[in-house]
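Observations on the model geometry
If you want the building blocks of each chain, they are given just below.
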Amino acid sequence: MSQRDNAPSLARNQQDAPAEREEPVVAKETPLPWKQIAPLVAMRLAEPINFTLILPFLYKMIEDFDVAETPKDISYYASMLFMSFSISQAMTVMYWGRLSDRIGRRPVLIAGLIGTLAVSILFGVCKTLPMAILVRLAAGVFAGNAAVMKSAMAEIADDTNRSRMMALLPLTWNFGSMVGSGVGGIFSNPATQFPGLFGNSKLFTYFPYLLPCLIGSTVAVFGLVTGLFNFKETLIKPTQPAQEETVGNTEATPLLAQSAAVSVAPVKQNSIKSLLTPLVVRVMVTNAFMCLAYTMCDQLYPIFAATDPRDGGLGLDPRSIGLSLGVEGIVVVYIQLVVYPRLERKFGVLYCYRRGLSFAIPYLVSMPFLSMIALHLKNQAGTSATSMVVETVVMWVILMSIMTMRITSSVMAFTSINMMITNMAPTRADLGFMNGTQQLAMSVVRIFAPIISGSLWSWSIKHSFPFPFNSHLVWMLSAVLIAVVLKLSYRIPESVNKFAADQPKPIANAEESDD
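Residues numbered from 1 in each chain as written. Predicted model: local features only at pLDDT ≥ 70, side-chain atom pairs only at ≥ 80, totals over all residues. Heavy atoms only, no water.

The protein chain is annotated in an unreviewed UniProt entry as Major facilitator superfamily (MFS) profile domain-containing protein from Coemansia aciculifera. The annotation that UniProt attaches to the protein chain under Subcellular location (unreviewed entry) is "Membrane". (UniProt positions renumbered as here; feature names shortened; annotations may be inferred.)

This is how it looks when you write it as structure tokens:
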């Protein structure tokens, strides 16, 4: 027995080292570092709120611009606003990601919040379409924080809690989208909606969409102050000396200390050519097609919801549109914080990606059929009040069920693709580039998605074509795209389930064996 205890160290290293490396897979989850996560989430919240608060009143705003010849043309002009944002974002997002790899995450995030604050207020005072387009172009320039935040979140995580921490960013987006939609629907045109409070206000009568934008800007101020005073830099430069506490890390070691131990290593950024491997390109392509399908329908929904049921829409007012977009946020918290992390740790990120895509297809196919119920309600107006209430409740129950499928699919798919992109970064020094590249691909897709969906929607409701070339066209096209992406996802290997930057390198293994 003593002979076994005193076995040569070389044999022990060769036999036990691999087992030690696999320990984190089954290790207990490291507590989340909320002192860093909380300000990061506060900064993240500003973007989705300010992005989505315009959705409920966008139809009415374009109608007020008096540029559309008929209501059926409004979707085309709405797509111009969406596209202008995506164009400027696509032109600048890579710059922000690479800049954050050099000067740090914190200064880039602060700059983005200052820009978001300014353009949010400016959009509320837009009185013409050209002015609104210019403001949306400016908003896109400062919309690079998403990629930078993914890098920062990855740097303060470890293998045991990465899925839960990375899930916080899309959770924040979805929660912010819920709040933003509600704010836009409830507080737009306050002089009319709340005559007792704002009826005599010349400011809000002349600028009917300023109040929700001001509310959104206060969230940006809160994120800015929180980031300035509470968020600490997560990118540790190679020239900084490693701290003594980082020697001999354990699962109980604070995450920032562990990240610093890795980040201070003199790791050189890889070339762009070496980073864009066939696997990375394959994942980026599936990400682009998935984003195209989701964006087409996400940006079409407020127009679809406001369109007259006789033209294939739902005929909802801004407040109802905001409500329909906001209620689904209740489901997000449970899916994002409870369901997704458990599924990811048990089955892997790739499994969750495929399940999310599979949920999207029934949502996309069934959504346009709701117009039939809305049209029936419109035709029954003035008849039995009881039957009207019952049918309205039925329509809203179905709508909320479909929206729940939508948000479940979105959470699963986008959280998973974010994690896959992060996992494929060979070193932490390349996280900004990888996440920036993903954001660039999504931004480019978002340039074309609104034009495609807006033009097809306008064309399909202007002509009396049979199914699926009627008002179902955009939804069915998106469902086909998702089906293609789902099939392509089975060509992605299981290696994307692991965070490559923390995986043992072959050269290091050889050196350990020689010791």
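This is not the end of the story, as more comes after the structure.
Within the protein chain, the regular secondary structure consists of 25 helices and zero strands. Among the 515 residues that make up the protein chain, the fraction classed as buried is 52%. Accessible surface, the protein chain: about 22,700 Å² in total, of which carbon and sulfur atoms supply 66%. (Helix = DSSP H or I, 4+ residues; strand = E, 2+ residues; numbered from the N terminus. Buried < 20%, exposed > 50% of the residue type's maximum accessible area, 1.4 Å probe, protein only. Areas by Shrake-Rupley, 256 points an atom, 1.4 Å probe, with all protein chains shown as cover.)

A separate point is the nonpolar core. A general feature of soluble globular proteins is that nonpolar side chains tend to end up buried together. Core analysis: the biggest nonpolar cluster contains 128 residues, and Met 290 and Met 367 have the highest contact counts within it. A total of 16 residues in this core trace back to one element, the largest contributor, which is helix α17 (residues 278-306). Apart from the residues within four sequence positions on either side, Met 290 is in contact with Tyr 353, Leu 357, Ala 413, Phe 414, Ile 417, Ile 482 and Val 485. Formed by five residues, the second largest nonpolar core is a distinct cluster that contains Phe 198, Phe 204, Phe 207 and Leu 211. (Core = buried A, V, L, I, M, F, W, Y, C linked by side-chain atoms within 4.5 Å. Contact = heavy atoms within 4.5 Å.)

For the structure on display, the rule yields three cavities of 30 Å³ or more. For the lining of the largest cavity, the class distribution of residues is 17 nonpolar, 12 polar and seven charged. There is about 240 Å³ of room inside the second largest cavity. Taken together, 22 residues line the second largest cavity, and the ones lying closest to its centre are Asn 50, Phe 51, Thr 116, Val 119 and Ala 139. Counting only elements with at least two residues in the lining of the second largest cavity, the list comes to α4 (34-52), α7 (105-124), α8 (129-141) and α9 (145-155). (1 Å grid on protein atoms, 1.4 Å probe; cavity = no way out; pocket = protein on both sides within 12 Å on 5 of 7 lines; lining within 4 Å. Points joined across faces, edges and corners; volume = space filled by probe spheres on them. Nonpolar A, V, L, I, M, F, W, Y, C, P; charged D, E, K, R; others polar.)

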